[in-house]
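Residue-level structure breakdown
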Amino acid sequence: MYEPRIIAFLCTWCSYTGADSAGIARMKSPANIRDIRVPCSGRVSPELIMRAFNQGADGVLALGCHVGECHYDTGNHRAAKRIPALHALMTYAGLEPERLRLDWVSASEGERFSKIATEFTEAVRALGPIHWKMESRRLEEAAKRMELESESVPLPPADCAGKTDAIRLKARELLSSQAVECVIGYEVGPRGRTRPVFIHSPEDVERLVWNPGCVNNLTSYLDDKLTPVGGKEPPKPVAVVAKPCDSRAVNVLVAEHRFEREKVHVIGVTCEGVAGEDGNLQFRCVNCQERTPVVYDTLVGAPVEGRASDVPARRIGQMEALAPAERMEFWLGEFDRCIRCYACRQACPLCDCPVCLFERDDSLWVGMGIGLDEKRTFHLGRAYHMAGRCVGCGECERACPMDIPVCLLNHKMAQEIEKMFGHRAGMTVAPSPIITILSGEYKEG
Amino acid sequence: MTDQWASANKRWAVTQEQLAGWLDSLAKVRTIIAPRDVSGVLLFRKVADSSQVAWGFGRTVMSVKEAFLPSTERLLTIHKTGQEVRLEVELAEGQQIIFGVRPCDARGVRMLDAVFLDSNPVDPYYAARRANTALVGLACRQVGASCFCTATGGAPDEAGDMDVMLYETGEGYLVEAVTERGRFLIPGGEWPQTRQPRPQVQPPEAAFTVPAREDWPRFFNQAEYWDRMAERCHSCRVCAYICPTCRCFAVRDEALPKPGEYERIRCWDSCEGKNYRLVAGGHRPRSVKGERIRNRMFCKFMYFPEQYDLDEAACTGCGRCIDACPVNLDITEIVTELGRLA
């Protein structure tokens, strides 16, 4: 008979003792489970769970104290928030939902431990071994990409000249008065492509433009500009031209204490949407509700009406309609093209860890290779790290030279977080709800 | 590898069907790598037959570099039992043909040859792949918007680095055997020989002049210039990974799932990444973006020609980095402005 390999993370204060209680009471528990004793279920970071799956676990069980009974008061709140979010992501990526389970077992509940362990093992046994790994022949077949729904919307007219003038005017004022050290905006490059530009002196403000090619999220430069480097004086304030989606990133960055709000002068620009390669509205803009920046110091442009489309949600529906194995094939087929150039991560204003977990020199979380395993780990890990933080600017997907639909992951996580916590990243200065404690939204069972 | 084979009597005129048939017959005995549409992305991939080739292709997203210097390659397998350590090396085997190589990419392979093949020590992994691989080139009929091969000494119909060269004629193709290995691939008897001249491609004039090599050392300390050029850089690695000549790699030993087994792998690396050349103790010799961009430019236009004693730069003018850069850093702009600095 097939024997699954199961990793169980057990809290030392409750479920670990619960497992002992089961043993003392001579209750039977399956021998498939390898216990890992942790100080609290809050210690079970999603990375550990993903690592367990990467290392060949067929199922992962995380057991903590009942909510309200945590030895550290709120440690298990974190587990209660993070693991369901991870569960949603892994399921979306093609893992059968039964392979990951979070539950609560107190020290005296030996019977409950035995029951959960048996149930879980049988469920995983029925599924068979995990198939994260795929032969290249299968991958080639999977590469016949599922036709994702799309929507072609012509670019609405916009007062680009007026906005350009207003941006230049404000930039000149800020630079002349030395209120800011530099203005981060857009210019037209030598080949006619609009790109980021850094204006340091009032004479150069004429280079600034506004047009439908303003695709970059310029807030991705803020962390770099506003982080003091070794012993230097604290950096001077900067101004940044921000579209409505970009402006949400400012809120997230401030909430995460990346810099002080006063250090940035946000020149918010109302936005009709940006253009894709075909001249139509980019897909990320078809369902954009916020056409006016949510945070700004100067507002440029007249208010613009939001645009609703259910195509992005329908895309997620398309994915969810597939069987888990098909979803996994789809994602592995997509990840297979990745070259780990990190363009997605570097273009993201919120991917700003000093050292990326997936690029550590010790290969602790993921190896250095540019192979399918590593790529899957990176993409799913990044999607999880963006949960509750991603503002949906879509720059990761645009930056990708391999056209991997990264946003399809991020969008799903945003949807999930909104469903779970009513949170939309960056609408206010608030951190991701999955890194905070519960506030009454959790009901056991 | 140019030799006397590139003469007029080694030229054949074939139709599209004949060419496809040739590929199909070759595919029975060798691995064929050709431009292929992979979920909407044009990449060099194995093809089972000519129907999988993305005919009429333009520039592939990745260069042919990955066929010789794969993104990840196992150098050694390490088996450890008790005190005994056994190392195992496996070199690439099997003959393969890369079909539809553009002249700029083939020049890139020549650059890689200078590094891995023509200088000591020879890289056995690269050498094995190179020896097993024939290049079937395809001249460009027109030049892409971001192409600048003529500025770096190439041409859209340069055949010198191929084994077989194809020219599109409108009715079909003109096939030319460039090397003996190429001649061996061609079913001479079945195809009509021709004295038809090569179709002429009007190469664009060089859009800019690369500063002379002796001028470069003076650019090194222009920190302000490099910082200004690099300000918009995101420090991702796409430019290096898609580049036909960027060849930096990192080597690391990693554990394999089986206990006691390890592998030594080498993977692509890029001087644009923040961790570039990070050493123990945390020192990063190229810690500032400007220094890293400078490194990339110097590597291409000065270090490479100097180190390998060549007259040309390690840039083939394919223009991939210009289009793939998420923030539109433009190598031609940097070099042009550098010329003004001189």
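About the thresholds
- Residues numbered from 1 in each chain as written.
- Chains lettered and ligands numbered in written order.
- Predicted model: local features only at pLDDT ≥ 70, side-chain atom pairs only at ≥ 80, totals over all residues.
- Heavy atoms only, no water.
- Contact = heavy atoms within 4.5 Å.
- Buried area = accessible area lost by both parts, 1.4 Å probe.
- Salt bridge = Lys/Arg side-chain N within 4 Å of Asp/Glu carboxyl O.
- Domains from an automatic or database assignment.
- Polar contact = N/O pair within 3.5 Å; in protein donor to acceptor, adjacent residues only side chain to side chain.
- Helix = DSSP H or I, 4+ residues; strand = E, 2+ residues; numbered from the N terminus.
- Nonpolar A, V, L, I, M, F, W, Y, C, P; charged D, E, K, R; others polar.
- Phe/Tyr/Trp six-rings, centres within 6.5 Å; stacked < 30°, edge-to-face > 60°.
- Buried < 20%, exposed > 50% of the residue type's maximum accessible area, 1.4 Å probe, protein only.
- Lys NZ or Arg CZ within 6 Å of the ring centre and 35° of its normal.
- Core = buried A, V, L, I, M, F, W, Y, C linked by side-chain atoms within 4.5 Å.
- Axes fitted to C-alpha atoms, helices over the stretch in contact; angles between N-to-C directions.
- Parallel < 35°, antiparallel > 145°, perpendicular 65-115°, else oblique.
- Left-handed = near helix turned anticlockwise from the far one by under 90°.
- Pairing = 2+ DSSP bridges.

Across the boundary between the two partners, chain B contributes 41 residues, which contact 41 residues of chain A. Buried area between chain B and chain A, both sides added, is near 3,500 Å², and the carbon and sulfur share of it is 50%. Counting across the chain B and chain A interface gives 7 salt bridges. Between A:D224 and B:K289 there is a salt bridge whose closest N-O contact spans 3.7 Å.

All names here are of chain A. Looking at chain A, the domain boundaries give domain 1 (6–127), domain 2 (136–150 + 309–435) and domain 3 (160–300). Counting residues at the interface gives 25 residues for domain 2 and 25 residues for domain 3. Taken over both partners, the interface formed by domain 2 and domain 3 buries close to 2,200 Å², and the fraction arising from carbon and sulfur atoms is 55%. Connecting domain 2 to domain 3 are 4 salt bridges. A salt bridge links R284 to E395, with the nearest nitrogen and oxygen atoms 3.1 Å apart. At the surface where domain 2 touches domain 3, the tally comes to 9 residue pairs in polar contact (both at pLDDT 80 or more). Of all the secondary structure elements, the ones that give two or more residues to the side of domain 2 that touches domain 3 are helix 9 (311–321) and helix 13 (395–399). For the side of domain 2 that touches domain 3, the element with the most residues is helix 9, which contributes 3 residues. Residue classes in the side of domain 2 that touches domain 3 are distributed as 13 nonpolar, 5 polar and 7 charged.

Moving on: the packing of aromatic side chains. Residue and element names in this part refer to chain B. Under the criterion given, the structure shown has 23 aromatic pairs over all chains. Aromatic pair W216 and F219: ring centres 5.5 Å apart, planes at 75°, arrangement edge-to-face. Within this pair, W216 and its partner F219 are both found in helix 6 (residues 216–219), separated by 3 residues, close to a single helical turn. Like F219, W216 is buried. Ring centres 5.4 Å apart and planes at 85° place the aromatic pair F220 and F298 in the edge-to-face group. Of this pair, F220 sits in the loop between helix 6 and helix 7 (223–230) while F298 sits in helix 9 (residues 289–308), and the two are 78 residues apart along the sequence. Three or more aromatic residues link up through ring pairs in this structure, and these residues are W216, F219, F220, Y225, W226, F298, F301 and Y303. Stacked on the ring of W268, the Lys or Arg K65 has its end atom at 4.7 Å from the ring centre. The ring of F249 carries the charged tip of R266 above its face, separated from the ring centre by 4.9 Å.

This paragraph deals with the side chain of B:T60. Inspection of the secondary structure puts B:T60 in the loop between strand 3 (41–47) and helix 2 (65–68). Those residues within four positions of B:T60 in sequence are excluded, and the remaining contacts are B:P35, B:L42, B:L43, B:F44, B:D105 and B:R320.

Moving on, we come to the nonpolar core. With 110 residues, the main nonpolar core has A:I49, A:F53, A:W331 and B:I98 as its most contacted residues. Element by element, the count of residues in this core is highest for helix 3 (residues 75–92) of chain A, at 8 residues. Not counting residues up to four positions away in its chain, the partners in contact with A:I49 are A:F9, A:V44, A:V60, A:I83, A:L86 and A:L100. The next biggest cluster of nonpolar side chains, apart from the first, holds 75 residues, and it includes A:V300, B:W226, B:C325 and B:V335.

Moving on, we come to the packing of helix 2 (residues 46–54) of chain A against helix 3 of chain A. All names here are of chain A. Contact geometry of helix 2 with helix 3 gives a least axis separation of 10 Å together with a crossing angle of 40°. Overall, the two elements helix 2 and helix 3 adopt an arrangement that is oblique. Crossing of helix 2 over helix 3 shows right-handed handedness. Together, P46, I49, M50 and F53 of helix 2 and R82, I83, L86 and M90 of helix 3 make up the contact between the two elements. Broken down by class, the residue content of the contact of helix 2 with helix 3 amounts to 7 nonpolar, no polar and 1 charged.

Residues and elements named next belong to chain A. Taken in spatial order, the 5 strands of this open sheet run 6-5-7-8-9, and their pairing is mixed. Pairing within the sheet leaves two strands with one partner each, and these edge strands are strand 6 (194–199) and strand 9 (298–300). With strand direction ignored, the average angle separating the axes of adjacent strands in the sheet is 25°. Note that strand 5 (residues 182–188) and strand 7 (residues 238–242) share 3 bridges and pair parallel. Among the inter-strand pairings, V183 is bridged to a residue of strand 7, identified as A239. Sheet strands touched by helix 8 (residues 244–255): strand 5, strand 7 and strand 8 (264–269). Its angle to strand 7, the strand with the most contacts, is close to 140°.

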